[in-house]
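# Descriptive structure summary
What follows is the residue order along each chain.
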Amino acid sequence: MHEPDLCIRGRRVVTEHGVGPASVHITRGYVSSISIYEDVPSSALDVIEAEPESIVMPGLVDTHVHVNEPGRTDWEGFETATRAAAAGGVTTIVDMPLNSIPATTTLNGLKAKLAAAEGKLHVDTAFWGGVVPGNTSELEKLWEAGVVGFKCFLIDSGVNEFPSVTENDLREAMPVLARLGAPLIVHAEVPGPVEACCRSSSGEPSSSYQTFLRSRPREAENEAVALMIRLARETRCRIHIVHHSSADALPLLRIAKRFGLPLTVETCPHYLHFAAEDIPDGATEFKCCPPIRERENRESLWEALRDGTIDFVVSDHSPCPPEMKLREQGDFMKAWGGVSSLQLRLPIMWTEASARGFTIEDLTRWLCREPARQVGLNLKGVIKDGNDADIVIWNPNKEFTVGPSMIEHRHKLTPYNGETLRGVIEKTFVRGQMVYDGGASYGLFGRILTRNKN
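The sections below set out a description of the structure shown in this document.

## A short note on the overall build of the protein chain
The helix and strand inventory of the protein chain stands at 12 helices and 18 strands. Here the C-alpha coordinates of the protein chain stretch approximately 70 × 45 × 45 Å along the principal axes. In the protein chain, which comprises 454 residues, the proportion classed as buried is 61%. In the protein chain, the proportion of contacts linking residues at least 24 apart, taken out of those at least 6 apart, comes to 75%.

## Structural notes on the layout of surface pockets
In this structure, the largest pocket occupies an estimated 630 Å³ of space. Taken together, 33 residues make up the lining of the largest pocket; nearest its centre are Asp-156, Ser-157, Gly-158, Arg-216 and Cys-289. Looking at the lining of the largest pocket, the elements with two or more residues in it are strand E10 (150-153), helix H5 (191-200) and helix H6 (209-215). In terms of residue count, H5 provides more of the lining of the largest pocket than any other element does, four residues in total. Each residue belonging to the lining of the largest pocket can be placed in one class, and the counts come to 14 nonpolar, 12 polar and seven charged. Size it by volume and the second largest pocket reaches roughly 370 Å³. Around the second largest pocket, the lining is made up of 18 residues, and of these Glu-16, Arg-369, Arg-373, Gly-381 and Val-382 lie nearest the centre. Broken down by element, the residue count for the lining of the second largest pocket peaks at six residues, all from helix H12 (residues 360-374). Across the lining of the second largest pocket, the residue classes tally to five nonpolar, six polar and seven charged.

## Re the pattern of salt bridges
In total, this model carries 36 salt bridges according to the counting rule given. Its salt-bridge partner being Arg-356, residue Glu-299 comes within 2.7 Å of it at the nearest N-O pair. Of this pair, Glu-299 sits in helix H10 (residues 295-307) while Arg-356 is found in the loop between helix H11 (345-355) and H12, placing the two residues 57 residues apart along the sequence. With a relative accessible area of 29%, Glu-299 lands in the partly exposed category. Here Glu-370 and Arg-373 are joined by a salt bridge, their closest N and O atoms 3.3 Å apart. One end of the pair, Glu-370, and the other, Arg-373, are both in helix H12, three residues apart, so they sit about a helical turn from each other. Taking relative accessible area as the criterion, Glu-370 reaches 14% and is therefore assigned buried. Connected through salt bridges with shared partners, the residues Asp-124, Lys-380, Asp-388, Asp-390, Arg-431 and Arg-447 form a single ionic network.

## Considering the sheet that holds strand E6 (residues 60-65)
Strand order in the open sheet formed by three strands is E6-E7-E8, and the pairing between neighbours is parallel. Either end of the sheet is taken by a strand with one partner, and the two such strands are E6 and strand E8 (124-127). Direction aside, the axes of adjacent strands within the sheet are offset by 20° on average. Pairing analysis gives four bridges linking E6 to strand E7 (residues 90-95), with the strands arranged parallel. Paired with Leu-60 across the two strands is Val-90, which belongs to E7.

## Considering unusual backbone geometry
Cis geometry is found at the peptide bond from Glu-69 to Pro-70, where omega equals 0°. When you line up the elements, Pro-70 lands in the loop between E6 and helix H1 (78-87). You will see that Arg-28, though not glycine, has its phi angle at about 50°, which is positive. One can find Arg-28 in the loop between strand E2 (18-27) and strand E3 (30-35). You can call Arg-28 exposed: its relative accessible area is 59%. The phi torsion at Asn-99 lies on the positive side, around 80°, for a residue other than glycine. Summarising the element assignment, Asn-99 is placed in the loop between E7 and helix H2 (107-117).

## A look at the sheet that holds strand E9 (residues 129-130)
In spatial order, the strands read E9-E10-E11-E12-E13-E14; together these six strands make up an open sheet with parallel pairing. At either end of the open sheet lies a strand with only one pairing partner, and these are E9 and strand E14 (312-313). As judged from the two bridges shared by strand E13 (residues 263-267) and E14, these two strands associate in the parallel manner. In the strand pairing of E14, Glu-266 is matched with Phe-312.

## Considering the environment of His-411
Position of His-411 relative to the elements: it lies in the loop between strand E15 (391-401) and strand E16 (420-430). For His-411 and Pro-322, which are 89 residues apart along the polypeptide, the C-alpha to C-alpha distance reads 7.0 Å. Apart from the residues lying within four places of it in its own chain, the contact partners of His-411 are Asp-74, Trp-75, Cys-320, Pro-321 and Pro-322. A polar side-chain atom of His-411 sits 2.6 Å from the main-chain carbonyl oxygen of Asp-74.

## Some points on the nonpolar core
Grouped together as the largest cluster of nonpolar side chains are 103 residues, with contacts concentrated most on Met-57, Phe-150, Leu-154, Leu-184, Met-228, Ile-239 and Trp-394. Among the elements that line this core, the one with the most residues is helix H7 (residues 218-235), at seven residues. When sequence neighbours within four positions are dropped, the list of residues in contact with Leu-184 reads Val-131, Phe-150, Cys-152, Leu-170, Met-174, Leu-177, Met-228, Cys-237, Arg-238, Ile-239 and His-240. Grouped together as the second largest cluster of nonpolar side chains are 19 residues, Leu-98, Trp-128, Val-148 and Trp-336 included.

## Quick notes on the pairing of E16
Remember that side chains alternate between the two faces of the sheet whenever the strand is regular. Bridge count between E15 and E16: eight bridges; the pairing is antiparallel. Pairing of Trp-394 across the sheet is with Ile-425, part of E16. Bridging between E16 and strand E17 (residues 433-437) involves four bridges; their strand directions are antiparallel. Counterpart to Thr-428 in the pairing with E17 is Tyr-436.

Cut-off values and rules
- Residues numbered from 1 in each chain as written.
- Predicted model: local features only at pLDDT ≥ 70, side-chain atom pairs only at ≥ 80, totals over all residues.
- Heavy atoms only, no water.
- Helix = DSSP H or I, 4+ residues; strand = E, 2+ residues; numbered from the N terminus.
- Buried < 20%, exposed > 50% of the residue type's maximum accessible area, 1.4 Å probe, protein only.
- Contact = heavy atoms within 4.5 Å.
- 1 Å grid on protein atoms, 1.4 Å probe; cavity = no way out; pocket = protein on both sides within 12 Å on 5 of 7 lines; lining within 4 Å.
- Points joined across faces, edges and corners; volume = space filled by probe spheres on them.
- Nonpolar A, V, L, I, M, F, W, Y, C, P; charged D, E, K, R; others polar.
- Salt bridge = Lys/Arg side-chain N within 4 Å of Asp/Glu carboxyl O.
- Pairing = 2+ DSSP bridges.
- Axes fitted to C-alpha atoms, helices over the stretch in contact; angles between N-to-C directions.
- Polar contact = N/O pair within 3.5 Å; in protein donor to acceptor, adjacent residues only side chain to side chain.
- Core = buried A, V, L, I, M, F, W, Y, C linked by side-chain atoms within 4.5 Å.

By themselves these figures say nothing about function.
Below, the structure written as structure tokens:
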């Protein structure tokens, strides 16, 4: 039995049993025991003492990150993305299968992704595979090679390497995924309502956010959710709805979950923080798909988090070079859609959640435990004996204003610039190794994670 080599303790430690004083003993990267606050092992080479008001929490798990490497590393990249993650208290990310070249839709594509990530990781990183027309024969190979699940688009993804699927494509792929026990995560918008709205609004000013909002109607999400519920019922394939934004589909999701369908749902900080009424014309940094919707829609999403209809919150960090946002033209209809926010998920969520009466334990469930559970990363998301010593220490009372100089993403354009948020990240640990310390990033201690080997 090895003695602890690190002790992290605080007055507000979040464990599976609640929040309170505790001493977390860490041995060779794992939590070896959790004891009373006063119990500091004499063998510990280092003792980290959290400030009295600071929170000691499991490292965040972000299962929706577009790293874009290889092939579009000028958009982001593993080194910059994982450094930003560490600065945001995120200790595990799961990389999306598109926007890289090649896309992760074949075994060879996954091998290219793994080679690109080698030696560049500040935090632990796992990978999604993709479902596209014609790649059903690759799905089992990708699953056996360690992807945590599969992503598909029901509407144009924006990149040629990752075409959208039809219902016929899904009927071919979903029985295979059901047999494997692999989850299918779905960009749930269908093209019909979008195409109809674009035709009807073709003469409206493209610099108006309202024009863009009308071009991505709630009906596109509502119809997609209904389709996926029907296919989940038929195939029993595990379905996860990504970046959900339409409040109108929530009753349907509630009913499906009540009947025990294998269905989970995520949303994102930008849908919970911003409101369409406040977005200026021409401010294309706010463009994402589905779009940021109205204030009343936002509050319905919060209620869905409260009652468990929405399971957790991830960033959908989807960056691009600033020129692709067409900020000077202010053209919402032509600008690239995606919000950069990987570093900011915890303070955004705490700012909004605390104002609505939610607790630190709610935050931990949404940002840590449930994302880890969804992708089977069983040693992540909870501070408990035997788990990886992935820990973030942060101050929930301090405020800061977002500005380009503090952002670790490759590109600094984000709709959060100028926002005042609550919750300052102080230290981040990946398996007991400090990877961030109040402005200083440390070494490349992250590792590649594969399914059932994490």
